[in-house]
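For reference, the chains in residue letters:
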Amino acid sequence: MKKLVFTLFLMCCSLIAMADVQHFSWKGNLGDNISFQLDLQVNNVGAVAGETTYFRKNGKIAKIPVYGVQIRYENESSSALLVNEFDGNKQCGTFFISVDNNGNFVKGNWSLVDKELNMKNIVELEPDFGKRFFHPTNNIKDAVGKYSFTYQTGNPNMPECGGHCYLVAEKGKLHWMMGQVTPNIAEGEGMASFVDSGFKGSYQNFSFEAYVDEYFVYVWRTNPDEGQVDDWGAWATLEGVYVRELEESGFDGSVN
């Protein structure tokens, strides 16, 4: 049974200490032949971090980092975990998992473009509570960087979509610049105070909060009832998970 340390409410959360997490650990099969284990942690703002371990038939194992979000349904007895596997900044697989309010696995699948595999023979494991997948940034200098994500669309006319998030420190403030093409375009920028491993911002009628980890930025909208943004394409958004680019990119993130 999971140890639920903190009740997670995705739509009404605040940027506070990131130490309390909910743990999940499952082992089973994807389809009939792929043996895997999925270890996930969910923090108090609904961000998800973890890793997939694949057990090859030749005895070798492969570990892939995963990042995503928890989706809380209003007036329902379940929630969902939507997490993406990443090869660098490229999404290379997506898990969609339903869990009940006690944290028990209900059903799930893995997909990539037009391929989909059900999660089968799932066994709940005792999580490794000593393992840390979250590494909250403690100061504005640690938050500075370039974050992004890309994914395959399956559309030959636009084979890849994605987004970016640039964070620069300027005179004690955080200058944020974000954009997504999914395929409609959303982009915005602004200045914000960096507090409790995150910041708040807005662009026109889009207000958001962001949690900044050493390895990713998670952005969620705080006023979804305000509808679409006039300057953006239909259903375009800045919400989502952007993964830090670790290789040299030419991005100047120096602190003033």
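Computed from a predicted model, the values in this text were never measured in an experiment.

J.: Could you clarify how one ought to interpret the pairing of strand S2 (residues 34-42) in this entry?
T.: Consecutive residues of a regular strand have side chains that alternate between opposite faces of the sheet. Counting buried positions along S2 yields 7 of 9 residues, so the element is predominantly enclosed. In this structure, strand S1 (residues 22-30) lies alongside S2, joined through 9 bridges in antiparallel fashion. Pairing of His 23 across the sheet is with Gln 41, part of S2. Linking S1 back to S2 in an antiparallel pair, the connection comprises 3 residues, with Gly 31 at a positive phi of about 65°.

J.: Could you clarify how one ought to interpret the packing of aromatic side chains in this entry?
T.: According to the stated counting rule, one finds 16 aromatic pairs in the structure shown. Chaining the aromatic ring pairs together yields one cluster made of Trp 176, Phe 199, Tyr 203, Phe 206, Phe 208 and Trp 232. Sitting above the plane of the Phe 55 ring, Lys 27 keeps its charged end 4.8 Å from the centroid.

J.: Even after reading the chapter, I still don't get the pairing of strand S15 (residues 216-221), so can you show me in this structure?
T.: Across the 6 residues of S15, 6 count as buried, placing the element largely inside the fold. On S15, burial covers both faces: Phe 216, Tyr 218 and Trp 220 on one face and Val 217, Val 219 and Arg 221 on the other are all buried. Bridge analysis of strand S14 (residues 206-212) against S15 gives 5 bridges, and the strand direction is antiparallel. Bridge assignment links Phe 208 to a residue of S15, and that residue is Arg 221. The antiparallel pairing of S14 with S15 creates a hairpin that spans 3 residues between the two strands. Relative to strand S16 (residues 240-244), S15 runs antiparallel, the two sharing 4 bridges. Among the inter-strand pairings, Val 219 is bridged to a residue of S16, identified as Gly 240.

J.: Quick question: what am I supposed to make of empty space enclosed by the protein here?
T.: Over the atoms rolls a probe the size of a water molecule, and its path tells where empty space is left. Evaluated as defined, the whole model comprises 1 cavity of 30 Å³ or more. By volume, the largest cavity is sized at about 60 Å³. Lining the largest cavity, in full, are His 23, Phe 24, Ser 25, Asp 39, Leu 40, Gln 41, Pro 127, Asp 128, Lys 131 and Phe 133. Breaking the lining of the largest cavity down by element, the ones donating at least two residues are S1 and S2.

J.: Looking at this structure, how should I read a negative patch on the surface?
T.: Where like charges cluster on the molecular surface, the negative patch consists of Glu 187, Glu 189, Asp 230 and Asp 231. Its location among the elements puts Asp 231 in the loop between S15 and S16.

J.: Any chance you could explain the nonpolar core here in plain terms?
T.: If you look at soluble globular proteins, the nonpolar side chains tend to sit buried side by side. Residues Leu 167, Met 178, Phe 199 and Phe 216 are the most contacted members of the largest nonpolar core, which totals 41 residues. Within the second largest apolar cluster, 19 residues are counted, among which are Leu 40, Val 83, Val 99 and Met 119.

J.: Would you take a moment to explain the environment of Phe 208 for this structure?
T.: In this fold, Phe 208 is placed in strand S14. Between the C-alpha atom of Phe 208 and that of Arg 221, which follows or precedes it by 13 residues, the distance is 4.2 Å. Residues within four places of Phe 208 in sequence aside, it is in contact with Trp 176, Met 178, Phe 199, Lys 200, Gly 201, Ser 202, Val 219, Trp 220, Arg 221 and Thr 222.

J.: Before we go on, may I ask you to explain the side chain of Asn 84 in this structure?
T.: Secondary-structure assignment places Asn 84 in strand S5 (residues 78-87). Only 2.5 Å separates the side chain of Asn 84 from the side chain of Thr 94, close enough to count as a polar contact. Not counting the four nearest positions on each side in its chain, Asn 84 is found in contact with Pro 65, Val 66, Tyr 67, Gln 91, Gly 93 and Thr 94.

J.: Explain the environment of Pro 127 to me, please; I cannot follow it from the model alone.
T.: Looking at the element boundaries, Pro 127 is found in the loop between strand S8 (115-124) and helix H1 (140-143). Under the relative-accessibility criterion, Pro 127 is labelled buried at 8%. Sequence separation of Pro 127 and Gln 41 is 86 residues, and the distance between their C-alpha atoms is 9.5 Å. In contact with Pro 127, other than residues within four places in its own chain, are His 23 and Ser 25.

J.: Sorry, what's going on with the environment of Asn 184 here?
T.: With respect to the helices, strands and loops of the structure, Asn 184 is situated in the loop between strand S11 (173-181) and strand S12 (185-192). The class for Asn 184 is partly exposed, based on a relative accessible area of 34%. Separated by 48 residues in the primary sequence, Asn 184 and Trp 232 place their C-alpha atoms 7.4 Å from one another. Those residues in contact with Asn 184 that sit more than four places away from it in its chain are Gly 233, Ala 234 and Ala 236. A distance of 2.9 Å separates a polar atom in the side chain of Asn 184 from the backbone oxygen of Ala 234.

J.: How do you make sense of the pattern of salt bridges when you look at a structure like this?
T.: For side chains bearing opposite charge, pairing can occur when the charged atoms are close. If you walk through the whole model with that rule in mind, you get 4 salt bridges. Between Lys 120 and Asp 32 there is a salt bridge; the shortest N-O distance is 2.8 Å. Of this pair, Lys 120 sits in strand S8 while Asp 32 sits in the loop between S1 and S2, placing them 88 residues apart in sequence. In this structure Lys 120 comes out as partly exposed when scored by relative accessible area, which is 32%. For Asp 32, a relative accessible area of 61% puts it in the exposed group. Between Glu 245 and Lys 146 there is a salt bridge whose closest N-O contact spans 3.8 Å.

Conventions used here
Residues numbered from 1 in each chain as written. Predicted model: local features only at pLDDT ≥ 70, side-chain atom pairs only at ≥ 80, totals over all residues. Heavy atoms only, no water. Buried < 20%, exposed > 50% of the residue type's maximum accessible area, 1.4 Å probe, protein only. Helix = DSSP H or I, 4+ residues; strand = E, 2+ residues; numbered from the N terminus. Pairing = 2+ DSSP bridges. Phe/Tyr/Trp six-rings, centres within 6.5 Å; stacked < 30°, edge-to-face > 60°. Lys NZ or Arg CZ within 6 Å of the ring centre and 35° of its normal. 1 Å grid on protein atoms, 1.4 Å probe; cavity = no way out; pocket = protein on both sides within 12 Å on 5 of 7 lines; lining within 4 Å. Points joined across faces, edges and corners; volume = space filled by probe spheres on them. Patch = residues over 30% accessible without salt bridge, like charges linked within 9 Å, V, L, I, M, F, W, Y side chains within 5 Å. Areas by Shrake-Rupley, 256 points an atom, 1.4 Å probe, with all protein chains shown as cover. Salt bridge = Lys/Arg side-chain N within 4 Å of Asp/Glu carboxyl O. Lys, Arg positive; Asp, Glu negative; His and termini not counted. Charge placed at Lys NZ, Arg CZ, Asp CG, Glu CD. Core = buried A, V, L, I, M, F, W, Y, C linked by side-chain atoms within 4.5 Å. Contact = heavy atoms within 4.5 Å. Polar contact = N/O pair within 3.5 Å; in protein donor to acceptor, adjacent residues only side chain to side chain.

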